[in-house]
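Notes for the structure review
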Amino acid sequence: MPRKRPGRVRTKNTNRREALKLSSMAPEDFNVRPGETKSIACPDCRTWRRIMGDKVLKIREHCISDKVAEGEKHVTCPGSDQLVVIDIDVRRWQSEQNRLLRDAMPQENRRAAQQFYKPLPAPAAPVSRIKAEVTLETARQSYLAHRKGCIRCVKGTHCTDGGILARRYVLALQEEPARREAREQLERQARRTERKQSAPAVRKAQWAKRGGKEVEKANNRCTTRTSGSLSEFRGPDLPMLPQDVEAHDRRQAELGRQYARKTPASAA
């Protein structure tokens, strides 16, 4: 990679003008971004020229016309070797320029100054670190599944997760007799409770609680109703006969004929 030659002023001559202060120029007429070549729009010919030097800054010597190679006369611009003084806050100027560029950009091409990225989901915890109810079968299945897919668990050696799963499986084997005894004890307790609830004395007490004189009195209050009497829940304005007796009789006769026609077909 070729070495970049530092820019320096090759002459001590100046155009004998007062030093040009950047604060007196428009912000868009010069570029002093850090890491970029300093340049400025010459106040005389209004063309962009390089600013030479590190400590003493000058506008590079240049011609008024850019067509010297095409045969035009070489005329030095009066703005050549103009002293330049950076009397502005470069950071504030740079932020202002970035804002102007962002405002001038089309709306569909703009992007926020600060990007917000959706955080990546945390990786799932390995099986050996999942805290759940451990039974003999689940411990065995987890251990065998890990041994099948792990290349570091060979013969009697285990990786870190494989060792945790193996110890969990051994612990489940050791605790299985106690767990089986506890399950059998719970089952015996459940059967004992069921037998107590279905005992004859318990059933008799239940019948006595839901029976007795109070239930018998309530049953005796249910008197028989004679045929043809009206219920006390029937309203006084409820009609007992159809409004049009002749139409009702015709409808009943028609229904009787329809039923008589359907009876032989259904019997066959």
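Just above, that's the structure.
This is a predicted model, so every value here is computed, not measured.

**What about the overall build of the protein?**
Scanning the protein for helices and strands turns up six helices and six strands. When each of the 268 residues of the protein is scored for burial, the buried share is 17%. Pairs at least 24 apart in sequence give 48% of the contacts found in the protein among residues at least 6 apart. Summed over its atoms, the accessible surface of the protein is roughly 23,000 Å², and 54% of this surface lies on carbon and sulfur atoms.

**Re the side chain of His62**
Relative to the helices and strands, His62 resides in the loop between strand S5 (57-59) and strand S6 (83-85). At a separation of 2.7 Å, a polar atom in the side chain of His62 contacts the main-chain carbonyl oxygen of Arg60. The contact partners of His62, leaving out residues within four places of it in the chain, are Cys42, Cys45, Thr47, Arg49, Val75, Thr76, Cys77, Gly79 and Ser80.

**Describing the pattern of salt bridges**
Following the criterion strictly, the structure yields nine salt bridges and no others. As a salt-bridge pair, Glu96 and Arg99 come within 2.4 Å of each other at their nearest N and O atoms. Here Glu96 and its partner Arg99 are both found in helix H1 (residues 90-104), three residues apart, which amounts to about one turn of the helix. On the accessibility criterion, Arg99 (34% relative accessible area) is partly exposed. Among the salt bridges present, the one from Arg188 reaches Glu181, with a minimum N-O distance of 3.6 Å. On the basis of relative accessibility, which here comes to 40%, the residue Glu181 falls in the partly exposed class. Among the ionic contacts, a cluster of salt bridges with common partners joins Glu176, Arg180 and Arg183.

**Focus on a positive patch on the surface**
Together, Arg191, Arg192, Arg195 and Lys196 line one region of the surface with positive charge. Mapped onto the elements of the fold, Arg195 is located in helix H3 (residues 160-197). Its relative accessible area of 53% is what places Arg195 among the exposed residues.

**What about the sheet that holds S5?**
Judged by pairing direction, the sheet is mixed, and its six strands sit side by side in the order S1-S6-S5-S4-S3-S2 without closing on themselves. Here the strands that pair on one side only, and so sit at the sheet edges, are strand S1 (20-21) and strand S2 (30-31). Where S2 lies against strand S3 (residues 39-41), two bridges are found, and the strand directions are antiparallel. Paired with Asn31 across the strands is Ser39, a residue of S3.

**A look at the state of the cysteines**
In total, this model carries zero disulfides according to the counting rule given. Cysteine Cys77 is unpaired, with the sulfur of Cys42 as its nearest cysteine sulfur at 3.7 Å. Free cysteine Cys159: the closest other cysteine sulfur is in Cys153, separated by 3.6 Å. Given a relative accessible area of 13%, Cys159 falls into the buried group.

**A word on the packing of aromatic side chains**
Under the defined criterion, the tally for this structure stands at two aromatic pairs. The interplanar angle of 20° and the centroid separation of 5.4 Å between the aromatic rings of Phe30 and Trp93 together place this pair among those described as stacked. Here the residue Phe30 occupies a position in strand S2, and Trp93 occupies one in helix H1, the gap between them amounting to 63 residues. For Phe30, a relative accessible area of 4% puts it in the buried group. On the basis of an interplanar angle of 20° and a centroid distance of 6.1 Å, the ring pair of Tyr143 and Tyr169 is categorised as stacked. Of this pair, Tyr143 sits in helix H2 (residues 136-149) while Tyr169 sits in helix H3, and the two are 26 residues apart along the sequence.

Cut-off values and rules
Residues numbered from 1 in each chain as written. Predicted model: local features only at pLDDT ≥ 70, side-chain atom pairs only at ≥ 80, totals over all residues. Heavy atoms only, no water. Helix = DSSP H or I, 4+ residues; strand = E, 2+ residues; numbered from the N terminus. Buried < 20%, exposed > 50% of the residue type's maximum accessible area, 1.4 Å probe, protein only. Contact = heavy atoms within 4.5 Å. Areas by Shrake-Rupley, 256 points an atom, 1.4 Å probe, with all protein chains shown as cover. Polar contact = N/O pair within 3.5 Å; in protein donor to acceptor, adjacent residues only side chain to side chain. Salt bridge = Lys/Arg side-chain N within 4 Å of Asp/Glu carboxyl O. Patch = residues over 30% accessible without salt bridge, like charges linked within 9 Å, V, L, I, M, F, W, Y side chains within 5 Å. Lys, Arg positive; Asp, Glu negative; His and termini not counted. Charge placed at Lys NZ, Arg CZ, Asp CG, Glu CD. Pairing = 2+ DSSP bridges. Disulfide = S-S within 2.5 Å. Phe/Tyr/Trp six-rings, centres within 6.5 Å; stacked < 30°, edge-to-face > 60°.

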